Amino acid sequence: MRIVDIRERSIAISRYADPTIPSGGLTTSLVAVVTDVMRAGKPVVGYGFSSVGRFAQGGLIRERFAPRLANAADEALSDDAGTNLDPFRAWAVMMASEKPGGHGERCVAVGTLDMAIWDAAAKIAGLPMHRFLADRLGRNVVNPSRVRVYAGGGYLYPQNDIARLSDEMRRFADLGFTHAKIKIGSTGLDQDRRRVDAAAAQLPGYGYLAVDAMNTYDIDAGLAAATTLAPLGLWWFEDVCDPLDFTTQASMAASYDGPIAAGEALFSLAEAKLLDQHGGLRRARDILLFDPVHCYGLPGYLKIVEHLVMKGWPSRAFWPHGGHLFCLHLVAALGLGGAEINPLAFRPFRGLADGMEIADGFADLPQAPGIGFELHSEVWQEFRCVLGDW
Ligand code: MG
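In this report, we go over the structure that sits alongside the text. Note that the structure is a prediction, hence the values are computed from the model and not measured. (Residues numbered from 1 in each chain as written. Predicted model: local features only at pLDDT ≥ 70, side-chain atom pairs only at ≥ 80, totals over all residues. Heavy atoms only, no water.)

In an ideal octahedron of six donors the angles at the metal are 90 or 180 degrees, and in an ideal tetrahedron of four donors they are 109.5 degrees. Ligation of the magnesium ion by protein atoms is provided by D212 (OD), E238 (OE), D239 (OD) and E264 (OE), these donors lying 2.0 to 2.2 Å from the ion. Here the donor residues of the magnesium ion share one chain and are spaced in sequence as D-x25-E-D-x24-E. For D239, a relative accessible area of 3% puts it in the buried group. (Donors = N, O, S within 2.8 Å, 3.2 Å for Na, K, Ca; no water. Buried < 20%, exposed > 50% of the residue type's maximum accessible area, 1.4 Å probe, protein only.)

To continue, consider the pairing of strand β5 (residues 180-183). Across the two faces of β5 the burial is the same, with A180 and I182 and K181 and K183 all buried. By the bridge criterion, two bridges tie strand β4 (residues 146-152) to β5 in an arrangement that is parallel. What sits directly across from A151, in β5, is A180. As paired strands, β5 and strand β6 (residues 209-212) are joined by four bridges and run parallel to one another. Bridge pairing in β6 places K183 opposite D212. Tracing the backbone out of β5, into helix α7 (residues 189-200) and back to the parallel element β6 gives a crossover that is right-handed. (Helix = DSSP H or I, 4+ residues; strand = E, 2+ residues; numbered from the N terminus. Pairing = 2+ DSSP bridges. Right-handed = clockwise from strand over helix to strand, strands pointing away.)

Now for the nonpolar core. Core analysis: the biggest nonpolar cluster contains 130 residues, and L69, F237, F290, L328 and F373 have the highest contact counts within it. Of the residues forming this core, the biggest block, 13 residues, is contributed by helix α4 (residues 106-125). Excluding anything up to four places from it in sequence, L328 contacts V147, V149, A339, I341, L352, M356, A363, D364, L365 and P366. Grouped together as the second largest cluster of nonpolar side chains are eight residues, Y150, A210, W236 and A261 included. (Core = buried A, V, L, I, M, F, W, Y, C linked by side-chain atoms within 4.5 Å. Contact = heavy atoms within 4.5 Å.)

Moving on, we come to unusual backbone geometry. With omega at 10°, the peptide bond leading from R347 into P348 counts as cis. Locating P348 in the fold gives a position in the loop between β10 (339-341) and β11 (358-359). One non-glycine residue, Y296, adopts positive backbone phi at about 65°. Checked against the element boundaries, Y296 lands in the loop between β9 (287-288) and α11 (297-310). Taking relative accessible area as the criterion, Y296 reaches 5% and is therefore assigned buried.

Geometry only, nothing functional implied.
Okay, structure coming up:
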């Protein structure tokens, strides 16, 4: 088992369906990992990307982590039978010589390549990603065809905010979503309250709407928002304060009875432990958003899930951030609460694969071998460009 080539490319992505609206210059990395395994006369290729929200990681991928994979001995990447990649062994190859701590964004670079390796390994096994992962972990997939999802979006529009937000939410409902999440915290509380009312009006009620403050509040602003939001009975209140400000996080949890969601911007098991120990979160009620790509990929994410479940968190508390096909498979294989979908934003990684549908808040699960990016025409077009002349 050898990796014969790794290709990488950065692309721009936008938080808006209309990419002309400024979105902070956001980018993401795409990788194609070419193996020496042949199927139908072509090499098996795994595809991965850096999820959304943390910019592209081309430098770290090209200079540090891809060369470790490309230069690894055959047996360092292979399973015991020597017939497939072992994603956990490949992960250990990538992390060789890395010191504890100093997570920065190297975890995102590792997670990008890790996604591609899982995609390749599942394809070599001839299984959809959720089946391959469940088999590997000795788990049963309870419902192998659908997973619970919600629609992420609702960023502040620079013009006609309420009208455009209402239209966006209406489109979510028309697509079959029952639950959705919008952003707050980047405008005044009065305007945010109007946004919440407008969004909830397109859903069955406030209890179907989550709000995401994008880690913007200090303690005073957070408590003021909590006072305004608490009577509404929202689905959850996300990313209240700085991700490492556990003092404010704990104060918020002590004063806001509704579900709180956190963890999206924490990328390591060490940080997850700190959140659990000092963030005041309530295991029976609150939501954990760790992004499987940003947390050093699936091996890193599994460490977090296994540790927190061992500490008493239910699997259903995990709703991974990201909004893409990889997370759908993880939710199914690990029995997590559900997955985010970005129906309109973050093109090409918006929505589901072609022909997959959402109904009553559940999404179809891709059944092709691997993650299924080939079935998503917008995504596949970009990955074909990454692969180039292979
Ligand atoms: Mg968030």
